[in-house]
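Single-letter residue listing:
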Amino acid sequence: MEIKRVFLLGFATAAVLAAAAPAGAVAGAVNFGSTPEQQRAAGVAMGKEAYLYGFPLNEFNLIRKADLKLSAPLNVLANAQQLATPAAQGVVAPNTDTLYSLAQIDLGKGPVVLKVPKMDHGLFDPRYWTFEFVEPYTNVVGYVGSRLNGSAGGTWALEWSGAKSKKALPKGVKRFKSSARRLWVIGRTLVRGNKDQAKAKKLMAQYRLGTLASLTAGKGLSKPRNLTPGRPKTVEPTGLGFLDLLSAGMTEDPPPTRDADIVARMRNFGIGAGLKPSTAGLPAPVLEGLAAGVDAAAASLPIEARLPILTEAKENGGWYDPSPKVGRFGTDYQMRARVALVGIGINTVEESTYPTALTDSAGEMLNGANRYRMVFKRGKLPPVKGFWSVTMYDSNGYLVPNAAKVYAVGPDHPGMITRKDGSVVIVVQKSKPTEKDVNWLPSPEAGFRLNMRLYVPSKSILNGTWKPPGIEKVG
């Protein structure tokens, strides 16, 4: 799950298009073809395209629904009480470095206020913290956190740019503009090992969230709830049900103006704000094709998401580097869908980047039947201002259960061993190594991947001057 700049989105498109055609009707006369085969083919093509476009929005809404039901009501924060474990299956690639704070908010009735206490700040080791704001189409709206705001804390009023009036703010409250009305708030607070969890949670207990109206009325802001662990995996509806959910999501959160082209084409198939394909008067073969196209795209997305990653990893010494466009996808709907599948809520690269190892340095897939070694030479540790770690995941992106309960290696996982020569060696294998001056990362029986977390990366990471060491197969 992984969660500065404001990504301005427009909201006029859907309203204009909705006005152009009555609810429940296809916008304009559309030629789907003269034969049932042509009509079905047209439906299949649109079903596939609509699935890629709509998967992130549907995932956002399914996660939102689960969070509101299980953890906290609207505009209330929920804090995790423990680091992620293999039981965490609700979002792929959870980290074991930070405690999460999550909230689902709505700015439609006025600003929502976030208050953060002064965070502890050692002379050379300030605690990393951040709050990421993700809009329904899974772009990152912006951040507050240690990268931008240091350790002083502060109070921010999250205000929707589409609001009709600008609210006066109390003294000391800073204004944060959001291009979206509804937001997923993802907070991360660094934990420097198990002994530090109590201190981190004490700071997090001082986080506050609530409406500006409540604050100005003297009611204050809400204390955090406890985050319910084990959010269930999302289950997308199939066929036309997927498109119904997409249309409902587009009604609730109109698409940005840059999506006007695909929005107009989907409306021709009864997909969009106020529409349902089943009530849009479409020919039966078109409806059949839409359902088939959705299901075909759902089946192929996992392969399409992983194949380019694997190809790049093989060409890059085993490592895949995420695109600098993640978190601000523009009209690259395919990339947005792929990222939503493997890491929804991902940060933009300025906040963190996640090199992923899928193969060893020889290009062979990583597998628990083998033993591997990763060596950071003296002076070659990741140059970051936040924190770094290497985490073990199975092939589906979930933490790997092991008796030692070791899921990651990094400076903030106490016990990380540095050799006398200044190097750090990570041994990746199923059994505990006999060597005393290495770090062990237990692997599963079958295939796996390694994710690096590089928070507040330096320019040398972002421009590719610094690269992770190769994963060497040793047996």
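Bear in mind the structure is a predicted one, so any value in this text is a computation, not a measurement. (Residues numbered from 1 in each chain as written. Predicted model: local features only at pLDDT ≥ 70, side-chain atom pairs only at ≥ 80, totals over all residues. Heavy atoms only, no water.)

Caption draft 1: Structural view of the sheet that holds strand 9 (residues 208-211). Spatially, four strands are ordered 7-6-3-9 in an open sheet, and the strand pairing comes out mixed. A single partner strand is all that each edge strand has here, and the edge strands are strand 7 (173-178) and strand 9. Strand after strand, the sheet turns through a mean of 25° between neighbouring axes, direction not considered. Note that strand 6 (residues 154-160) and strand 7 share six bridges and pair parallel. Residue pairing in the sheet places Glu159 in a bridge with Lys177 of strand 7. (Pairing = 2+ DSSP bridges. Helix = DSSP H or I, 4+ residues; strand = E, 2+ residues; numbered from the N terminus. Axes fitted to C-alpha atoms, helices over the stretch in contact; angles between N-to-C directions.)

Caption draft 2: Quick look at the sheet that holds strand 20 (residues 472-473). Judged by pairing direction, the sheet is mixed, and its four strands sit side by side in the order 18-17-14-20 without closing on themselves. In this open sheet, the two strands that pair with only one neighbour each are strand 18 (439-442) and strand 20. Of the pairings in the sheet, the one linking strand 17 (residues 424-429) to strand 18 comprises four bridges and is parallel in character. Paired with Val427 across the strands is Trp440, a residue of strand 18.

Caption draft 3: Layout of helix 9 (residues 333-343). For helix 9, the tally of buried residues reaches eight of eleven residues, placing the bulk of the element in the interior. The set of residues buried in helix 9 consists of Tyr333, Met335, Arg336, Ala337, Arg338, Val339, Ala340 and Gly343. Tucked inside the fold, the buried residues of helix 9 contact helix 2 (36-70), helix 7 (260-267) and helix 8 (284-315). Once helix 9 ends, the next one or two residues include Gly345, with phi positive near 85°. (Buried < 20%, exposed > 50% of the residue type's maximum accessible area, 1.4 Å probe, protein only. Contact = heavy atoms within 4.5 Å.)

Caption draft 4: Expanded view of the confidence of the model for the chain. Scored by pLDDT, the chain has a mean of 91; 93% of the residues are at 70 or more. Per-residue pLDDT stays below 50 along residues 1-25; that stretch engages in 88 contacts with residues further than four places along the chain or on separate chains. (pLDDT = per-residue confidence, 0-100.)

Caption draft 5: Structural context of unusual backbone geometry. Located in the positive-phi region is Thr138, a residue other than glycine, with phi close to 70°. In this structure, Thr138 sits in the loop between strand 4 (129-134) and strand 5 (140-145). At Lys405, a position not held by glycine, the phi torsion is positive, near 55°. Take Lys405: it is sitting in the loop between strand 15 (388-394) and strand 16 (408-409). The class of Lys405 is exposed, set by a relative accessible area of 65%.

Caption draft 6: Inspection of the pairing of strand 3 (residues 112-116) at higher detail. Most of strand 3 is tucked away, with four of its five residues classed as buried. Examined bridge by bridge, strand 3 and strand 6 share five bridges and lie antiparallel to one another. Each residue of the ladder has a partner; that of Lys115, found in strand 6, is Thr155. Alignment of strand 3 against strand 9, held across four bridges, turns out to be antiparallel.

Caption draft 7: Region of the structure containing the packing of aromatic side chains. A complete count under the given rule lists 15 aromatic pairs for this structure. Through successive ring pairs, a cluster of aromatic residues spans Tyr128, Tyr354, Phe387 and Tyr455. Across the ring face of Tyr143, the terminal group of Arg147 is positioned such that the distance to the ring centre comes to 5.4 Å. One cation-aromatic arrangement involves Arg336 over Tyr53; the distance from NZ or CZ to the ring centre is 5.0 Å. (Phe/Tyr/Trp six-rings, centres within 6.5 Å; stacked < 30°, edge-to-face > 60°. Lys NZ or Arg CZ within 6 Å of the ring centre and 35° of its normal.)

Caption draft 8: Spotlight on empty space enclosed by the protein. Taken as a whole, the largest cavity spans an internal volume of roughly 40 Å³. Among the residues making up the lining of the largest cavity, the classes are represented as six nonpolar, two polar and one charged. (1 Å grid on protein atoms, 1.4 Å probe; cavity = no way out; pocket = protein on both sides within 12 Å on 5 of 7 lines; lining within 4 Å. Points joined across faces, edges and corners; volume = space filled by probe spheres on them. Nonpolar A, V, L, I, M, F, W, Y, C, P; charged D, E, K, R; others polar.)

Caption draft 9: Looking closely at the nonpolar core. Core analysis: the largest hydrophobic core is formed by 71 residues, its most contacted members being Ile105, Phe131, Phe133, Met266, Ile271 and Leu290. With nine residues, the single largest contributor to this core is helix 2. In contact with Met266, not counting residues within four places along its chain, are Met46, Ala50, Tyr53, Leu246, Met250 and Ile271. One finds Trp319, Val428, Leu441 and Ile471 within the second-largest nonpolar core, a separate group that totals 22 residues. (Core = buried A, V, L, I, M, F, W, Y, C linked by side-chain atoms within 4.5 Å.)

Caption draft 10: Representation of the packing of helix 8 against helix 9 in the model. Axis separation between helix 8 and helix 9 bottoms out at 9 Å; the angle between their running directions is 95°. As far as their axial angle goes, helix 9 and helix 8 are roughly perpendicular. For the pair formed by helix 8 and helix 9, the contact residues are Leu301, Pro302, Glu304, Ala305, Arg306 and Pro308 on the first element and Gln334, Ala337, Arg338, Leu341 and Val342 on the second. Of the residues contributing to the contact of helix 8 with helix 9, the split by class is seven nonpolar, one polar and three charged. (Parallel < 35°, antiparallel > 145°, perpendicular 65-115°, else oblique.)

Caption draft 11: Spatial organisation of helix 7. The complete set of buried residues in helix 7 reads Ile262, Val263, Met266 and Arg267. Buried residues of helix 7, seen end-on, are gathered within an arc of 140° and therefore sit on one face of the element. (Arc of directions from axis to C-beta.)

Caption draft 12: Expanded view of the pairing of strand 15. Burial runs high along strand 15: six of the seven residues are buried. Inspection of the sheet shows strand 15 paired to strand 19 (residues 448-455) by seven bridges, in the antiparallel sense. Among the inter-strand pairings, Val390 is bridged to a residue of strand 19, identified as Met452. Of the strand pairs in this sheet, strand 15 and strand 16 are connected by two bridges, and their pairing is antiparallel. Opposite Val390, over in strand 16, you have Val409 as the bridge partner.

Caption draft 13: Main features of the environment of Lys385. Along the polypeptide, Lys385 turns up in the loop between strand 14 (372-376) and strand 15. Residue contacts for Lys385: discarding those within four places in its chain leaves Tyr455 and Val456.

Caption draft 14: Expanded view of the packing of helix 6 (residues 239-252) against helix 8. In the contact formed by helix 6 and helix 8, the axes pass within 7 Å of each other and the chain directions differ by 85°. Relative to helix 8, the element helix 6 is oriented roughly perpendicular. Across from Gly239, Leu240, Phe242 and Leu243 in helix 6, the residues of helix 8 making contact are Leu287, Leu290, Ala291, Val294 and Asp295.

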